[in-house]
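Listed below are the residues making up each chain.
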Amino acid sequence: MIHLLIHKMKASPNGAMNEAEMTTKIATGAAELPLNQIVPGDCIEVMNSLPEASVDLIFADPPYNLQLKGDLHRPDNSRVDAVDDAWDQFSSFAAYDRFTRDWLAAARRLLKPHGAIWVIGSYHNVFRLGAELQNQGFWILNDVVWRKSNPMPNFRGKRLTNAHETLIWASKQEASKYTFNYDALKALNEGVQMRSDWVLPICSGHERLKDEAGDKAHPTQKPESLLHRVLLGTTNPGDVVLDPFFGTGTTGAVAKMLGRDFIGIEREKSYRDAARARLDKVRKYDRATLEVTQSKRALPRIPFGQLIERGLLRPGEMLVNARGQMAKVRVDGTLIADDIRGSIHQVGAALDGAPSCNGWTYWSFRREGQMVPIDLLRQQLRAELG
């Protein structure tokens, strides 16, 4: 259990809990989610203190256990700013595996029954992560190769340039009805189905956070483009996204912009300070901007008969297809064309001699001298349903 802080700091002016108040709430077991907050402390202890089955998605960028031995230098003998922080150092593979087992168990406890998790790693750790995910009952949905368009070269020239990292996307269990916004990702990819290899640049330029000395605020800061794709594709506005290794807050920044709630856990104060300053500058997109392309299967089903009940079409009114053939609307929402009777789909298929037909795009009606597709009326009713 996280220790209680004796001295409380003053509450922040925007109403958010300060670190002392937050630590006290967690230590006393208050069953309340610290939404849109950065929680200080050990990720396993904090996760075990939060309410069970309360999170929709977890994005985890755990220590990679790089096992670096000595400094790394470029050909000009300048030192490479590599990951040599204490948080990435473990005494053995067994110690790393115990850590992985414990934080994944805590994460799984927090996920809702239909929740999912993303973990990211390099060749140093991702295979160990994948095995432990399966050991604990997660159901792997995809592995995604993030191919870096601007990777760091291999300065020693003894191995291939390490130009990618791997993400694993898994649901809590095989039967979970996880969120997947297929059509939104397809739209993001210019109408082509999103693949499992993503070419995105590493974090650099104006996006890279720096400390007061001008050095990287965090050695492995992830680009917002990566989290944008993950959260757009596998969460919805209002979902709760947890990042147990929050770092400088990329997950929180993108979640805030996209209208998702986030919970960040970070034990290093310098990272928390950088993340907090970053998040203060982030603004949520407006509601219209946050709307994404939805799968037609996810939209509310509107029977053609509802158009008749609502008076949007009248019994006896004539529908017309692209060839000028006509069918009369009947009181029960069926059509009649000569001796053909049936639904808007059945009558359209019979007129075309086709095995099937989408009647919503097949038929139009006349208003003020203009031909109007009946699908516009369906869209009007869907809009009324919210």
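The structure under discussion appears in the preceding block.
Structure report, in brief. From a predicted model like this one, the values you see are computed outputs, not experimental measurements.

## Focus on the environment of Asn142
Thinking step 1. Its place among the elements puts Asn142 in strand β4 (residues 139–148).
Thinking step 2. Under the relative-accessibility criterion, Asn142 is labelled partly exposed at 34%.
Thinking step 3. Separated by 29 residues in the primary sequence, Asn142 and Ser171 place their C-alpha atoms 9.9 Å from one another.
Thinking step 4. The contacts of Asn142, once residues within four sequence positions are left out, are Leu167, Ile168 and Trp169.

## Notes on the pairing of strand β8 (residues 261–266)
Thinking step 1. The buried count for β8 comes to five of six residues, which makes it a mostly enclosed element.
Thinking step 2. Two strands pair when backbone bridges link them, and strand β1 (residues 37–40) and β8 are joined in this way by four bridges, in the parallel orientation. Within the sheet, the bridge partner assigned to Gln37 lies in β8 and is Ile263.
Thinking step 3. In this view, the connection linking strand β7 (residues 240–243) to its parallel neighbour β8 by way of helix α7 (residues 250–257) has right-handed handedness.

## Looking at the packing of helix α6 (residues 224–234) against α7
Thinking step 1. The N-to-C vectors of α6 and α7 enclose an angle of 55°; their axes lie 9 Å apart at closest approach. Compared by their axis directions, α6 and α7 come out oblique. When you trace α6 past α7, the crossing you get is right-handed. Here Glu224, Leu227, His228 and Leu231 of α6 come into contact with α7, specifically with Thr250, Thr251, Ala253, Val254, Ala255 and Met257.
Thinking step 2. Here the contact of α6 with α7 is composed, by residue class, of six nonpolar, three polar and one charged.

The rules behind each value
Residues numbered from 1 in each chain as written. Predicted model: local features only at pLDDT ≥ 70, side-chain atom pairs only at ≥ 80, totals over all residues. Heavy atoms only, no water. Helix = DSSP H or I, 4+ residues; strand = E, 2+ residues; numbered from the N terminus. Buried < 20%, exposed > 50% of the residue type's maximum accessible area, 1.4 Å probe, protein only. Contact = heavy atoms within 4.5 Å. Pairing = 2+ DSSP bridges. Right-handed = clockwise from strand over helix to strand, strands pointing away. Axes fitted to C-alpha atoms, helices over the stretch in contact; angles between N-to-C directions. Parallel < 35°, antiparallel > 145°, perpendicular 65-115°, else oblique. Left-handed = near helix turned anticlockwise from the far one by under 90°. Nonpolar A, V, L, I, M, F, W, Y, C, P; charged D, E, K, R; others polar.

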